Amino acid sequence: MPCKVGIDVNTVPRQAGYIADNSSITGISLMHDEGTGGDTEGGYGVFPLFPLMDCDYGSCPVALEDRLALRAAGADIEQAASPGYFRTKFVNNIEIETTSTRRAGLIRFTYPSSSSTRLVVVDMSDDLQRSFHGGSLNITQGSRVQVSGTFLQSYAGTYNYTAYACYDFDYPGGTQVISEFGTYKNETDNSGTVVISPNVTSVGYSFSSSTLDVQAGALFSFQNSTSIVARFGISMQNVDKACKNAEEEIPDWDWDSVQTASEDKWINAISRVVVDPSVENDTVVELLYSSLYRAFLVPANMTDENPYWISPYPFYDALFCSWDTFRTVHPLLSIIAPLEWSDIVSAYIDGWRNESYIPECRANTKQGYVQSGSDGMPILGDFAVKYGSYAAALGISTSDLYQALVDTAVNTPPNWYRTGRQNTAWIEFGYIPTDWYDPSGSTGLPTREVSRTLEYALGDFAVRQAALALGMGSVDADQPHTRSMNFAHMWNPNVTSDGFSGFAQQRYPNGSFAYTAPDACSPVETESYSCARGDDNDTGFYESSSWEMSFFAPQSMSTIISLMGGPGVFINRTNNYFEKGYYDAGNEPSFEMPWVYHYANRPDLSALRVRQVVFENFNTGIGGIPGNDDSGAMAALLVFHLLGLYPVPASKQLLIGSPMVSSYTLKNNFFNTTTNFTVKGFDPATVNVSPAEGTRLYVKDITINGQSSSSLCWISFDDVVGGGNIVIEVDSDQDSAASVGCGEGDSALPDSLGSGGFQ
């Protein structure tokens, strides 16, 4: 939902506004980004309220710096949080509570009975970035506040956006009485003392291309009641829509019904994965359900709030970024939330309808920066493969979906740093060259060449998969099939590191290679490199090293194994990658790495490595994830790890391994199916960072509705969502597991294009 109401603090980093420490509180605001990296000041945090007491109306500390100094939180504050509800106390014993719907909510301040005055600040100008570029506030009917503001896009972009809110402080039957009201602002337009003006009903600033150093808003004083409730509505279109959203979604101001409805929605979402908490490991249960909650937080459903084009289709925002989420968030939604996921996919397609390319990284309703590839492509390919036959029932046009993929795969936008790909280079060279001028005039950030090549290849695999799944014919699939293998063009067999030869490297237009140290941009690099977006990134890699990205070709891991020298070398090289510290759990290119042993016929090694990764990098405490949640990417990854599954992009294959629970149930809300997974011989002693020898960890057999699976390494999406019973038998004999591997037969190993898979 776009409405994410909560407290903000004055300490950086604060990506979602809140930090679980004693940082000073600056306000209770209405919208927040969730789980992003990048801008450490955080996104949104617009139009905060703030409660004051025991001050004279004309001299209350309304400015942000003044009020936060008086409201620094103590270490022993009573606090409670649950889906749909938040409560905390200030050190002066003012209690705040929040609850919300999709575009509206309620905020309640409860003051000590001893307080002599009770006031509420409505802040117009302070967002989390302090990036106010203009706006207005108007008090109407004596108790309604209509406010707008233009602020800087919070992540992965440089655009401004405008948001709108509507506050009400009077409701039928309410006992809170406004005794004084007015506005406040700086003595001059951008400096000086903040002055409160009683009975003045409006304050505003015209748009400025520069950030305005302004403190402005409204101040209300109340009598009779120690409990003050504010209803709010938000909109990205206009203030009247914000008021309408509040009136429609919370017409009767019934706190309990709003909180209960919100809680029910969350329970419905996270109960699509069911485990028995009385049976399973307490830590695993807490990790599982807290991760499910976070995986549903974004993207934000802003349907009917699109400020740019009129459309009958859903509109979702906070696609920051598809690079983060295509690996885990979208595959998880495809399993347990296809109704919601199809709306998100529809929004991606509608982005193409109106902007000519599949959107990649939209934040605050604006285009952001492309991280590496155009990674909305694997998302649409995933939908085509899994739900193409049911697209009409899910409101998806398969012809539009496929055309969106083709246009994004073939055409080159004027600025491929904002959307799309550098297809002029991709089509001419079969890779993204270093130091090449694009004669078409198309521009972008000419860095990350290796990472972009590898991800463009995966994007073309998504086109190939969609062509086959949607019956477009082999001719449509042939060209993207060929380009899906272009990742191999970046392979330099002559580069050596730690005794292993062959690494992905930058390449010039003439075909020669440029050298990048394979450990550059890894956690153990010995020199300083820029590995993010920016024109100073000269390594060719994005948020990853050559040691890591040289493994990245989920569409054809057999090719990677061959390039590296065969299964034995591949296994040793994977072990070295972990043992030397090249693994970075907080970056998305690492996500598949604990599972890659499957492709070398050693799922037993994956079982051990996944547990090491989980228990060394995740816990239930504050800071219990490795870095930012990256829009739920970390959360969804952990869900898959715990359940013993890992999705292969734009395909129906999921790698399967040894779950960390004895049984679980997956519910699909489109097929209305329930699939029960049972681990026969489950051993609780394996639920730790390093299971002891002799514990039952290794998959010995898999049966699907009574039939033995042809593979011990992968399972079909159709079986995962098809209903019935899947039994995973585990054993303690690692030697036997190593010998059996993925099983016998041509289909035992997970598919790879290079060995004829994905037909």
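Predicted, not measured: the structure shown is a model, and the values here were computed from it.

## Side note on the overall build of the chain
Logical step 1: Looking only at helices and strands, the chain has 19 helices and 33 strands in total.
Logical step 2: Taken over the C-alpha trace, the chain has a radius of gyration of 27 Å; the compact-globule value for 759 residues is 27 Å, and the two agree within 12%.
Logical step 3: Counting over 759 residues, the chain shows a buried share of 62%.
Logical step 4: Accessible surface computed for the chain: about 26,200 Å², of which carbon and sulfur atoms make up 47%.
Logical step 5: Positive and negative side-chain charges of the chain, numbering 42 and 86 respectively, have mean locations separated by a distance of 3 Å.

## Things to note about the domain arrangement of the chain
Logical step 1: By the assigned domains, the chain splits into domain 1 (6–264) and domain 2 (277–755).
Logical step 2: On the domain 2 side, the residues contacting the 27 residues of domain 1 number 29 residues.
Logical step 3: With both sides pooled, the region where domain 1 packs onto domain 2 buries about 2,200 Å², and carbon together with sulfur makes up 51% of that total.
Logical step 4: Here domain 1 and domain 2 share 2 salt bridges between them.
Logical step 5: At the level of secondary structure, the elements contributing two or more residues to the side of domain 1 that touches domain 2 comprise strand 11 (160–168), strand 16 (227–235) and helix 2 (239–249).

## A closer look at the sheet that holds strand 17 (residues 273–274)
Logical step 1: Pairing is mixed in the open sheet, where 6 strands are placed in the order 17-28-29-33-30-31. Strand pairing shows two members of the sheet lacking a second neighbour, strand 17 and strand 31 (707–708), which therefore form its edges.
Logical step 2: As paired elements, strand 30 (residues 698–704) and strand 31 share 2 bridges and run antiparallel to each other. If you follow Ile704 over to strand 31, its bridge partner there is Gln707.

## Details of the packing of aromatic side chains
Logical step 1: Under the counting rule described, the total for this entry stands at 40 aromatic pairs.
Logical step 2: Between Tyr44 and Tyr161, the aromatic rings sit 5.3 Å apart at their centres with planes inclined by 80 degrees, giving edge-to-face as the arrangement. You can see Tyr44 sitting in the loop between strand 2 (25–29) and strand 3 (49–53) and its partner Tyr161 sitting in strand 11, a full 117 residues away along the chain.
Logical step 3: These aromatic residues form a ring-pair network of at least three members: Trp341, Phe383, Tyr387, Tyr390, Phe670, Phe671 and Phe717.
Logical step 4: The side chain of Arg353 reaches across the aromatic face of Tyr313, ending 3.8 Å from its centre.
Logical step 5: Seen from the ring of Tyr431, Arg507 lies directly overhead, with NZ or CZ sitting 5.3 Å from the centre.

## What about the state of the cysteines?
Logical step 1: Applying the stated criterion across every chain, the model contains 5 disulfides.
Logical step 2: Shown here is the disulfide that connects Cys321 with Cys361, its sulfur atoms set 1.7 Å apart. Its torsion about the S-S bond being -50 degrees, the disulfide of Cys321 and Cys361 is classed as left-handed. Within this pair, whereas Cys321 is found in the loop between strand 19 (316–317) and helix 5 (322–325), its partner Cys361 is found in the loop between helix 7 (338–355) and strand 20 (362–363), the two being separated by 40 residues in sequence.

## Re the pairing of strand 3
Logical step 1: The element strand 3 is largely enclosed, with a buried count of 5 among its 5 residues.
Logical step 2: What you see with strand 3 is no split at all: Leu49, Pro51 and Met53 on one side and Phe50 and Leu52 on the other are buried throughout.
Logical step 3: Note that strand 3 and strand 8 (residues 118–123) share 5 bridges and pair antiparallel. By the bridge assignment, Leu52 is partnered in strand 8 with Leu119.

## What to know about the sheet that holds strand 4 (residues 79–82)
Logical step 1: Pairing within the open sheet is antiparallel, and its 9 strands lie in the order 4-5-6-7-16-11-10-9-14. Because the sheet does not close on itself, it has two edges, and the strands there are strand 4 and strand 14 (202–205). Neighbour-to-neighbour, the strand axes of the sheet open up by a mean angle of 15 degrees, direction not taken into account.
Logical step 2: The sheet contact formed by strand 7 (residues 104–110) and strand 16 spans 7 bridges and is antiparallel. Residue pairing across strands places Arg108 opposite Val229, the latter belonging to strand 16.
Logical step 3: Running at roughly 125 degrees to strand 16, helix 2 makes contact with strand 7, strand 10 (144–152), strand 11 and strand 16 of the sheet.

## Focus: the packing of helix 6 (residues 329–336) against helix 7
In helix packing, the relevant descriptors are the interaxial angle and the interaxial distance, both defined with respect to the helix axes.
Logical step 1: The interhelical angle for the contact between helix 6 and helix 7, taken along N-to-C directions, is 135 degrees, at an axis separation of 7 Å. By the angle between their directions, the pair helix 6 and helix 7 is classed as oblique. Residues His330, Leu333, Ser334, Ile335 and Ile336 of helix 6 lie in contact with helix 7, whose contacting residues are Pro338, Trp341, Ile344 and Tyr348.

## Some remarks on the nonpolar core
Logical step 1: Counting 137 residues, the largest nonpolar core has Leu380 and Leu401 as the members making the most contacts within it.
Logical step 2: When sequence neighbours within four positions are dropped, the list of residues in contact with Leu380 reads Val345, Tyr348, Ile349, Ile358, Leu401, Ala404 and Leu405.
Logical step 3: One finds Phe50, Ile196, Val214 and Trp309 within the second-largest nonpolar core, a separate group that totals 60 residues.

## Re the pairing of strand 7
Logical step 1: Counting buried residues in strand 7 gives 5 out of 7 residues, a clear majority hidden from the surface.
Logical step 2: Pairing between strand 6 (residues 95–100) and strand 7: 6 bridges, direction antiparallel. Across the sheet, Glu97 pairs through a bridge with Arg108, a residue of strand 7.
Logical step 3: Linking two consecutive strands that pair antiparallel, namely strand 6 and strand 7, is a turn of 3 residues.

Each value, and the rule that gives it
- Residues numbered from 1 in each chain as written.
- Predicted model: local features only at pLDDT ≥ 70, side-chain atom pairs only at ≥ 80, totals over all residues.
- Heavy atoms only, no water.
- Helix = DSSP H or I, 4+ residues; strand = E, 2+ residues; numbered from the N terminus.
- Rg over C-alpha atoms; globule rule 2.2 N^0.38 Å.
- Buried < 20%, exposed > 50% of the residue type's maximum accessible area, 1.4 Å probe, protein only.
- Areas by Shrake-Rupley, 256 points an atom, 1.4 Å probe, with all protein chains shown as cover.
- Lys, Arg positive; Asp, Glu negative; His and termini not counted.
- Charge placed at Lys NZ, Arg CZ, Asp CG, Glu CD.
- Domains from an automatic or database assignment.
- Contact = heavy atoms within 4.5 Å.
- Buried area = accessible area lost by both parts, 1.4 Å probe.
- Salt bridge = Lys/Arg side-chain N within 4 Å of Asp/Glu carboxyl O.
- Pairing = 2+ DSSP bridges.
- Phe/Tyr/Trp six-rings, centres within 6.5 Å; stacked < 30°, edge-to-face > 60°.
- Lys NZ or Arg CZ within 6 Å of the ring centre and 35° of its normal.
- Disulfide = S-S within 2.5 Å.
- Axes fitted to C-alpha atoms, helices over the stretch in contact; angles between N-to-C directions.
- Parallel < 35°, antiparallel > 145°, perpendicular 65-115°, else oblique.
- Core = buried A, V, L, I, M, F, W, Y, C linked by side-chain atoms within 4.5 Å.

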